[in-house]
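Here is what each chain is made of, one letter per residue.
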Amino acid sequence: MAGVAVLTTINGDNVEYLCQPDETLLDVLRDRLGLTGAKEGCGTGDCGACSIILDDRLVCSCLVLGAEAEGRRVETIEGMAHGDRLHPLQQKFLEHAALQCGVCTPGFLIAAKDLLAKNPDPTEEEIRFGLAGNLCRCTGYDKIVRAVQDAASVMKGA
Ligand code: FES
Ligand code: FES
């Protein structure tokens, strides 16, 4: 199969890659570009572990083709911290121990970032609804919700 040449923006950087027409963006990120933060939990759009932001929209990268990133803006977990400075959501996930094995964590962080960008002052119900597409088999969800609430307070004050 002939490759597809793609020019896109990932975490603010222009990136060019070749992929197969049927290759998912998740596989491109992980296997071609070495961005292994997004995880493959299910590969069928059910778990949210592969969440990324594509042109300001939260998507499951396992359901997007690598070729579809042409000319678009991709944000992944690798772009969330600035150098050694963690994003407030990352900091609060640590402080609240809102992770155990960590497989779901990049997806939760990206989904929470998208949620707070659109709704900086969410209620607990809105947080639970906003993160409903992300599954965690370890922590239960309370610590994650508390971490997002705490991060929202910090970000409002900033
Ligand atoms: S791996 Fe994409 S939703 Fe589960
Ligand atoms: S911390 Fe293990 S799946 Fe969420």
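As the structure is a computational prediction, the values presented were derived from the model and not from experiment.

On the surface, Leu86, Leu94 and Leu99 cluster together into a nonpolar patch covering about 240 Å² of accessible area. Relative to the helices and strands, Leu99 is located in the loop between helix H2 (88–95) and helix H3 (105–118). On the accessibility criterion, Leu99 (32% relative accessible area) is partly exposed.

The next point concerns the domain arrangement of the chain. Along its sequence, the chain is organised into domain 1 (4–74) and domain 2 (88–157). On a C-alpha basis, the centres of domain 1 and domain 2 stand 22 Å from each other. A buried area of about 850 Å², summed over both sides, lies between domain 1 and domain 2, and 61% of it is on carbon and sulfur atoms. Inspection of the domain 1/domain 2 interface yields 0 salt bridges. Across the contact surface, domain 1 and domain 2 share 4 residue pairs in polar contact (both at pLDDT 80 or more). Going through the elements one at a time, strand E3 (51–54) and strand E4 (57–60) are the ones with two or more residues in the side of domain 1 that touches domain 2.

Okay, the packing of H2 against helix H5 (residues 142–157) next. Viewed as axis vectors pointing N to C, H2 and H5 meet at an angle of 135°, and their least axial separation amounts to 8 Å. Between H2 and H5, the angle falls in the class oblique. H5 is crossed by H2, and the crossing has right-handed handedness. Contact residues: Pro88, Leu89, Lys92 and Phe93 in H2; Ile144, Ala147, Val148, Asp150, Ala151, Val154 and Met155 in H5. Residues of the contact of H2 with H5, tallied by class, amount to 9 nonpolar, no polar and 2 charged.

We now examine the sheet that holds strand E5 (residues 73–75). Spatially, 5 strands are ordered E2-E1-E5-E3-E4 in an open sheet, and the strand pairing comes out mixed. Here the strands that pair on one side only, and so sit at the sheet edges, are strand E2 (13–19) and E4. Sheet twist, expressed as the average angle between the axes of neighbouring strands with direction ignored, equals 40°. Contacting strand E1 (4–10), E2 and E3, helix H1 (residues 25–32) runs over the sheet at an angle of about 100° to E2.

An α-helix turns once every 3.6 residues. As a result, residues three or four positions apart point the same way. All of the buried residues in H2 are Leu89, Gln90, Lys92 and Phe93. Projection of H2 onto a plane perpendicular to its axis shows the buried side chains occupying an angular sector of 165°, all on one side. Its buried side turned inward, H2 meets H3 and H5. Residue Ala97 follows H2 closely and has a positive phi angle near 50°.

For the structure shown, the criterion picks out 11 salt bridges. A salt bridge links Arg73 to Asp56; its shortest N-O distance comes to 3.1 Å. Within this pair, whereas Arg73 is found in strand E5, its partner Asp56 is found in the loop between E3 and E4, the two being separated by 17 residues in sequence. The closest approach of N and O atoms between Glu95 and Lys92, which form a salt bridge, is 2.8 Å. You can see Glu95 and its partner Lys92 sitting in helix H2, 3 residues apart, about one turn around the helix. For Glu95, a relative accessible area of 48% corresponds to the partly exposed category. Within the structure, one salt-bridge network assembled from shared partners comprises Glu124, Arg128, Asp142 and Arg146.

Calculation criteria
Residues numbered from 1 in each chain as written. Chains lettered and ligands numbered in written order. Predicted model: local features only at pLDDT ≥ 70, side-chain atom pairs only at ≥ 80, totals over all residues. Heavy atoms only, no water. Patch = residues over 30% accessible without salt bridge, like charges linked within 9 Å, V, L, I, M, F, W, Y side chains within 5 Å. Areas by Shrake-Rupley, 256 points an atom, 1.4 Å probe, with all protein chains shown as cover. Salt bridge = Lys/Arg side-chain N within 4 Å of Asp/Glu carboxyl O. Helix = DSSP H or I, 4+ residues; strand = E, 2+ residues; numbered from the N terminus. Buried < 20%, exposed > 50% of the residue type's maximum accessible area, 1.4 Å probe, protein only. Domains from an automatic or database assignment. Buried area = accessible area lost by both parts, 1.4 Å probe. Polar contact = N/O pair within 3.5 Å; in protein donor to acceptor, adjacent residues only side chain to side chain. Axes fitted to C-alpha atoms, helices over the stretch in contact; angles between N-to-C directions. Parallel < 35°, antiparallel > 145°, perpendicular 65-115°, else oblique. Left-handed = near helix turned anticlockwise from the far one by under 90°. Contact = heavy atoms within 4.5 Å. Nonpolar A, V, L, I, M, F, W, Y, C, P; charged D, E, K, R; others polar. Pairing = 2+ DSSP bridges. Arc of directions from axis to C-beta.

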